[in-house]
Amino acid sequence: MKAQELEDRLIDFAVMVIDIVEALPNSKAGNHIAGQLVRSGTSPAPNYGEARSAESRKDFIHKMKISLKELRETLIWLKVILRKKMAERSILVSAISECEELISIFVASTKTADSRI
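Keep in mind it's a predicted model, so treat the numbers as computed, not measured. (Residues numbered from 1 in each chain as written. Predicted model: local features only at pLDDT ≥ 70, side-chain atom pairs only at ≥ 80, totals over all residues. Heavy atoms only, no water.)

A.B. asks: Now, about the overall build of the protein: what can you tell me, with residues and values included?
C.D. replies: Per the secondary structure count, the protein includes 5 helices and 0 strands. For the protein, the C-alpha radius of gyration of 15 Å lies close to 13 Å, the compact-globule estimate for 117 residues. Each of the three principal axes of the protein carries a C-alpha extent, and together these read 45 × 20 × 20 Å. By the burial criterion, 42% of the 117 residues in the protein qualify as buried. Counting contacts in the protein only where the partners sit at least 6 residues apart, residues at least 24 apart contribute 73% of the total. Surface accessibility of the protein: about 6800 Å² in total, with carbon and sulfur atoms responsible for 52%. Where the 18 positive side-chain charges of the protein centre and where its 16 negative ones centre are 8 Å apart. (Helix = DSSP H or I, 4+ residues; strand = E, 2+ residues; numbered from the N terminus. Rg over C-alpha atoms; globule rule 2.2 N^0.38 Å. Buried < 20%, exposed > 50% of the residue type's maximum accessible area, 1.4 Å probe, protein only. Contact = heavy atoms within 4.5 Å. Areas by Shrake-Rupley, 256 points an atom, 1.4 Å probe, with all protein chains shown as cover. Lys, Arg positive; Asp, Glu negative; His and termini not counted. Charge placed at Lys NZ, Arg CZ, Asp CG, Glu CD.)

What follows is the structure, given as structure tokens:
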């Protein structure tokens, strides 16, 4: 996958997360989860943008691992929302699937970059 394609995919994922956040109930739990999810789910795209401009391979790996960490947090929040039935199941299943695929891509990328140091 080309770098620009991955960046576009991360931006599309961030938009999907925003749509989910906006559908959450206006309750104490809904607002808490919304705040956590919007932060973790929208940060991988700009962090990946920073990784693309990394000053060194170590800097690249560090920024990629930050994106990976945020994706993993996002996956947990999406699963919480799914189990609690706080939003439409079909969009959550789609978001979870995309998040898992992005995690796989970032794991593979960081392993490859780590092996080249």
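Moving on from the model shown.
A.B. asks: Describe the pattern of salt bridges, listing the residues and the values that go with them.
C.D. replies: Enumeration over the complete set of coordinates arrives at 6 salt bridges. One salt bridge connects Glu98 with Arg9, and the closest N-O pair in it is separated by 2.6 Å. In this pair, Glu98 sits in helix H5 (residues 89-115) while Arg9 sits in helix H1 (residues 3-23), placing the two residues 89 residues apart along the sequence. With a shortest N-O distance of 3.6 Å, Asp114 and Lys65 are connected by a salt bridge. A residue pair is termed long-range when its members are at least 10 positions apart, and Asp114 in helix H5 and Lys65 in helix H4 (residues 57-84) qualify at 49 residues. When its relative accessible area of 36% is taken as the criterion, Asp114 is described as partly exposed. (Salt bridge = Lys/Arg side-chain N within 4 Å of Asp/Glu carboxyl O.)

A.B. asks: Hey, could you go over the environment of Gly49 for me, with residue numbers and the actual values?
C.D. replies: For Gly49, the location among the structural elements is in helix H3 (residues 44-52). Taking the C-alpha atoms as reference points, Gly49 and Ser27, 22 residues apart in sequence, are found 34 Å from one another.

A.B. asks: Pulling in residues and values, what's your account of unusual backbone geometry?
C.D. replies: Residue Lys85 is not a glycine yet carries a positive backbone phi of 60°. Note that Lys85 resides in the loop between H4 and H5.

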